[in-house]
Every structure is written in C-alpha cells, then in structure tokens.
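As a plain string of letters, each chain reads:
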Amino acid sequence: MEECKSYYHGNAGLYWFKRDHGDLLGVASDPGESDFSFLDYHDDSDTGRWHTWKDWIEAVTGHHGYVRKDGYIVPAPLPIMCDPRLSQVDLRARKEWLNVLEKLCLHPAGLSLNDSPPPCSPLMAGFCSVSDWLGSRCDSENFPLLSEPQDLSAYFTEKYANDAVRVLAMSGVVGTAQHYAGVSSLLMPKQKPRSLQTLVDSLPIQSGLTLMEASTGSGKTEAALAYAWKLLAEGLADSIVFALPTQATANAMLERLERIAPLLFAENPNLILAHGLARFNEKFVALKRAAHERGGDEDGWVQCSQWLAESRKRIFLGQIGVCTVDQVLISVLPVKHRFVRGFGVGRSILIVDEVHAYDAYMYGLLEEVLEQQRATGGSAILLSATLPESMRIQLLNAWGVERGPDHPEVRYPLITWTAGKETVPFVISKRLRPGTVKVKLETVNAMDIMPDDHLLQRVIDAARSGAQVALICNLVDDAQKLALKLRQKTDVPVYLFHARYCYAHRRMKELSIIKHFGPKGKRSTGRILVATQVVEQSLDIDFDWIITQLCPIDLLFQRIGRLHRHKRRRRPPGLEKPLCTVILPPAHDYGLHGLIYANTRALWRTSQKILTASEGFALFPEAYRTWIEDVYCEDAWGIEPAEIEEQYKKFIDDFESSRYGALQMIASAANPLPDSDQAITAVTRDGEMNLTLLPVCSVAEGTLLMDGTLLEALEKDRRPETLVLNSIGVPASWRNYLGESDEEGRFRLHMKKAGDYFTALSKGMTFHYHYDIGMEKEK
C-alpha cells in the first residue's frame, strides 16, 4: 500500500512514455520490462524526434501541480516483488491506449503518431489541469460511470457532445461575450467619451500589446475595457484579468466592474476578486465541499476543490478576475499550479493598471509575463499616467519590438500598439486634447519629513472652513502618529487609511473614504484624511488640498491626480485653485523614506524640480512627459551632490541584481515552492518584504479572528479563504518578535481583548490592533 501511495502518475507518465516509445521517438529503447534497476536509463533529449514531443508530454503528464522537465524525472517505482508478466500487461495497455488516442484524436484530422507535433502552447499544462479537474467529477449527473461495456469511440463521441458541454457550462469557466456596443455604453448616462476614449474604435482588432498613457481621471479604465470588449467579441480571448498594484485599488476596481461585467458578458458572468467579496458559479463552488473528505493529492477533483477554496486562485477561472499584480507574476514562477494561473492569463486579455508602480525585480517578472502572453497569441493592455521612456521601451521590447517607438515622445496622451517589431502610435486630435491645468506647488522643510505644528494647524483651519484635505505619508507608522495627533488637536473628522488592517476593516475604511471623498461625497463639512500610498492610485477620490511627504516625481503626480479631480462649482476660500504642499527634509537626509524609495537621486531631483518650477507651478499634462523624463534620465545633471551620485550607483547595481534575480527565479523550476501566501510574497517581491501576520484571540468558544469570525464555527472549506482575509502584512523587521510561521507562512500572534483593542506581548514587544488604527507595534 505504501508503494502505491508514493506512485505519482504525473512523473511516472513522463518516465514510461519515453521508456515505452523509443522506436517512435528515436531514443534508446528499454532493454526489458523485467529489469527494474534502471541503471541503463539515460537522457536522450536532443536525439531523434524526442525534442518535438518533449514539451507536449511534459505538459500533459505534469498537470498535477508541477511540470517536471525531462532532465529531472526519476524512475517510476514498482513493487519489488512485482510479477514480470504483470509488467508486460501494463506495457501492452499503455501502448494500446496511445493507439486508441491516435484513432480518436489524430485520425479525424488526417494526422498520425508518425507526424511531428507543432510547437507546444505555453497554455497546455494549465488546460490539461483544468480539464482533469472537471473530468474527475464522476457522479450520477456529471460523467456517470457505466455498468456495461461500451464501444470507446461511441462513448467518447457521446461524452464530448453531452456531458462535457454540461460540465463546462456548470463550471462557469467559459463565458459568452456580448456584441460590442462602443465605449459610450460603458460610461454613465449622459457622459460623453473623453479624449483618450475616442481612440478606442481606431485600435486594431488583433492580438497585441497596447500601452495607454494619459493623466489620472482621463478614463483609461473604460478605454481599456472597451478595447478588451472589442477583442472578446471577435473571439480573440475568453476573459479579462485586471491586475493592480494594491488591494485597495483592486477593491475600487471591483466596484466599477460589477456594473460593467453584464455589458461585456452574457448570462451572469463570473466576477472574482482575489481576496474575497465576489461571485463565482454557486453550483460549481458548492461541489467542492464534498471533496474535502476524500483526501489524496493526485485526485483531480480534490485539487480543483482546493483551488476553488481561495478566491486569489479562483480569479483565473472566471470571465473577469480582479487581483493584485503578484497573482499574475506567479504564472511565470516555480510555484505549484503556476501553469493554471498561466492558463487563466493566457486565455484572457491582461490589463495591468499603474504599470509604473513596480520595482526592478517585479519588472523583470512582468517582462516574462508579457513574453508568455505574446507566445500564447494573447493580448495585454498596460495603463499609466506617469511612465518614463526607459520603462516604455523595456515593456515594448518584452513584446518583441526591435527598436524604440519612432513617434515624438512629447505627445501626450498617447496610445502605443504593437504586434511585435514595429509600434503604431494613436494620438488624440488637437481639437480633443485635454486643456492645461496649473497646480501650485508649495514646499515646507521639516525634520524626518513630518509636518510640524504650524502646518497641522493650517490643515485644521482649512478643514474647519469646509475643505477636504489629504495628508499622504510614505510610512504606516507616520500615518498612525499623525492621525492620533490631529484627533487630539481638533474635533474635525480625521480619517486614517493604510494597508495594515484585516480585510474587513480595510474594506470598511475604503468604503467610508469613497463615500466621503468620492464623486458623490457630501462636502458640506470639512474633513481630513491621513493615508499612505494606498490612495495614490486608481481610487476615484477628490481633495481640495493635498499635503504629501516627498516621493519620486511619478508617484507625486499620482497623488496630485487626486487634487481637484472632479469639476465642482465651488471650492473653499483660498483653495479655489489646486494646491499641493510637499514636505522636504533638511538637506537631503531621507532616512527611512530612502529605504522605501531606494532611488534617492529621483527623490533629490524631484525636490529640485519643485523648488525651481516656473512661478511655483507645474503644468499638466505637459509635466507628465517633461518632468518625469528629466528626473529619470540616465545622464547626470552635473549638480547632484556627491553622496547622491554614490547612492545612485549602488541603486543601479541593486537594480541590475534584482532583474538578474528575477530571471534566476524564473529559471529555477527544479524545486517548485508551495502555493502559499508567504511563498508568493517571497518570489514576487525582492528584498526584505512584509511578513504575513495572523492575529487571533482565544475565547471560550474557540479562536476569534480580528473581523469577529469564530474560526471553529466555519465550514472546513471556508477556512482557507477566511484566514487569508484576516491576515495582515507587517514589516519584516517584526520577525524578531514573533514565533514560528505555519505551513502557509503565516505568523500567528495570540492577542487578548480589552474593549475595542486587542493587545499582545511577544518576545518583550507589545502589539496592538484596533479596527480604526490597524496593527501597530509600540515604539
């Protein structure tokens, strides 16, 4: 029995196929089935026809989590006392099965096993895995077992025509695209297409890479979705995967897509968010519960049920998946079932928002994702308001563009499209180009780049006059301190928003912020929002005045994109024109901010651009091109301080090392990692990344989570998702105060409840959690 449990037919299938069919493949044949020493086995990968079969067989036999490459397979174990006559029966059965497949699948197309297969699609392993999952559900309704023998050809024809169609429809994996009705149908009533959106109907109905560059609030999302809809309606993709930089931006995108999804797809399409609060085919999801009692890693339906237990994986099996970019990057990394993600991405139109927002390591992974997407014949749409030229060329090169774009770079807004080699620019006509917006830039010098009491009093006075004010920090600790300090100084509403909450409380925060600062917010009362970078991208919120700690120019412009974002009849006194106050450090001591934004030359140059701005203004959209290119150009200005140049040299070395590390990670497929939160963080992010913390509280009834859920009261299949939704990202430096992580890479922190607060003492350090403040460590 133990020998049977250690027999994995994925690895064994690859091994036996090559061993059985040496005559077909042109490799050394097996000397005898009765010889189980396997000492004679050797790798003939580059001989005969094996190289044309190799990728296909690796993909088909490797669908149970890991695609084993030919060079890494091990001999399939057989019982030591196995009767040689039985092994001969097995050999004949394996060879006859291949002949049957030839008759069923190849002969109808005029092909045979003697024909060399075409290049294997990168989607094959994922396709086989999902097919295996769906086909493993054998019961009275789906693929019912037969009590009497039946002709195999007739059986195959009947199952293909009836059961397969029914199970595929039940799964919700495949949807039906609606007829394309134009970008106007995606807009709100009486709303007309904006400048960028007028270009959608000019874009090619052809798979390719599309870069959309336009200012924040210009309608890039609807333009991208409208173009994706055109491609879907033409049968060039099956679904959409929308990737964003943060959970907050993903949540905000879900709200918009819930309205749009039924316009793009018929019959109640599946819309899935990577971390909960979305829908999937309820009948199909319900089936997974029975599988938890069956056990066994090789059973296809058990694997399917495990996949469906967490929405961060389930996003790749619907019509529209909304996720953070990490979930997409996994598709090219050595993590279990990565190829199912690859299948989901490859069959979809991949939309990546805020594509400028990733570091060098993640860019290296994103380039590989784009190369894979092109290899599958798929499409990708990349969105940004602030994309430096060097990044644009890097992304285009990943799609096979042999030289940089040949259009004037001063054009903005701009859509660049390519199918490879050449690029095609789509430029808005002069008549439709957006007008110039002047933003006043004010600077304040402060120690540790923290606002002093004078600036805080100005913020309070503005809010008392009815202003909606945002104070944006680079560090969660800074945001928590400032919010508490402001609340001690005023009775004006002060809101706090960052990433260090459990999902339920973070979601509550997001909805509150959108309610008050979004398009429909009632602004009769002044308010203050203290937030981190989570508000700088993809959130449709609007402030009368923004105060921000210094950050790189592209991210500063993203923050400014939330300033006077909506047209309003009146603004508070003194804030009728957009004003952004930037807090600078004395000299160029960036402290912890220099760790978050390692390119300190970009920080220094950004401060210089602000300080030397003509009459203290930035002109948009012109600044999106000129200022960003000035800050990120490789050539030295000649006035940079020596220590800034030294730090920049180190940054470049680290940058290249990170890109190389990404390539190394992609290539390290011999030792795949488990598909856990911690593993995903480890392989998609570079350097010292966040830890995954799970705060819990022991009560009489069992284990209480921060969102109020009692873990033991949940059905077993709901627990994985619930644990994800109650996990919190915390700095890696907290590791010294925590215990050991569990098999999912989570660190449990056992807390005690005291009123609204949860408190824990761990290894001499005190931690607090509050639904409003979030998770914090005492200083």
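Analysis parameters
Residues numbered from 1 in each chain as written. Predicted model: local features only at pLDDT ≥ 70, side-chain atom pairs only at ≥ 80, totals over all residues. Heavy atoms only, no water. Disulfide = S-S within 2.5 Å. Buried < 20%, exposed > 50% of the residue type's maximum accessible area, 1.4 Å probe, protein only. Helix = DSSP H or I, 4+ residues; strand = E, 2+ residues; numbered from the N terminus. Contact = heavy atoms within 4.5 Å. Polar contact = N/O pair within 3.5 Å; in protein donor to acceptor, adjacent residues only side chain to side chain. Pairing = 2+ DSSP bridges.

**Q** What's the story with the state of the cysteines in this structure? I'm lost.
**A** Counted by the stated rule, this structure contains 0 disulfides. As a non-bridged cysteine, Cys128 has Cys120 as the owner of its nearest cysteine sulfur, 8.0 Å distant. On the basis of relative accessibility, which here comes to 14%, the residue Cys128 falls in the buried class. Here Cys580 is not cross-linked by a disulfide; its sulfur's nearest cysteine counterpart is in Cys551, at 8.4 Å. Overall, Cys580 belongs to the buried group, its relative accessible area being 0%.

**Q** Is there a simple way to explain unusual backbone geometry in this structure?
**A** Excluding glycine, residues mostly carry a negative phi; peptide bonds, for their part, are mostly trans. The linkage connecting Phe620 with the following residue, Pro621, adopts the cis geometry, with an omega of 10°. Position of Pro621 among the secondary structure elements: in the loop between β15 (617-620) and α23 (622-632). Even without being a glycine, His564 presents a positive backbone phi close to 50°. Along the polypeptide, His564 turns up in the loop between α20 (553-560) and β14 (579-584). Residue Lys763 is not a glycine yet carries a positive backbone phi of 50°. Position of Lys763 relative to the elements: it lies in the loop between β20 (757-762) and β21 (765-770).

**Q** Would you mind going over the environment of Arg562 with me for this structure?
**A** Of note, Arg562 is situated in the loop between α20 and β14. Classification of Arg562 as buried rests on a relative accessible area of 3%. The sequence separation of Arg562 and Val535 amounts to 27 residues, and the corresponding C-alpha distance is 8.4 Å. Beyond its immediate sequence surroundings of up to four residues, Arg562 is in contact with Thr216, Val535, Glu536, Gln537, Ser538, Leu539, Ile541, Asp542, Phe543 and Ile546. Engagement of the side chain of Arg562 in a polar contact is seen with the backbone oxygen of Gln558, the distance being 3.0 Å.

**Q** Looking at this structure, I do not really get the side chain of Asp554. What am I missing?
**A** Within the secondary structure, Asp554 is located in helix α20. In this structure the side chain of Asp554 is engaged in a polar contact, spanning 2.8 Å, whose partner is the side chain of Tyr632. Among residues more than four places away in sequence, those in contact with Asp554 are His356, Thr386, Ile628 and Tyr632.

**Q** What am I meant to see in the pairing of strand β8 (residues 422-427) here?
**A** Two faces, one strand: in a regular strand the side chains alternate between the faces of the sheet. Inspection of the sheet shows strand β7 (residues 414-420) paired to β8 by 5 bridges, in the antiparallel sense. Within the sheet, the bridge partner assigned to Thr416 lies in β8 and is Pro425. Between β7 and β8, which pair antiparallel one after the other, the connecting turn spans 1 residue, and Lys421 there sits at a positive phi close to 70°.

So, to be careful, I would describe these as geometric facts and stop short of saying anything about function.
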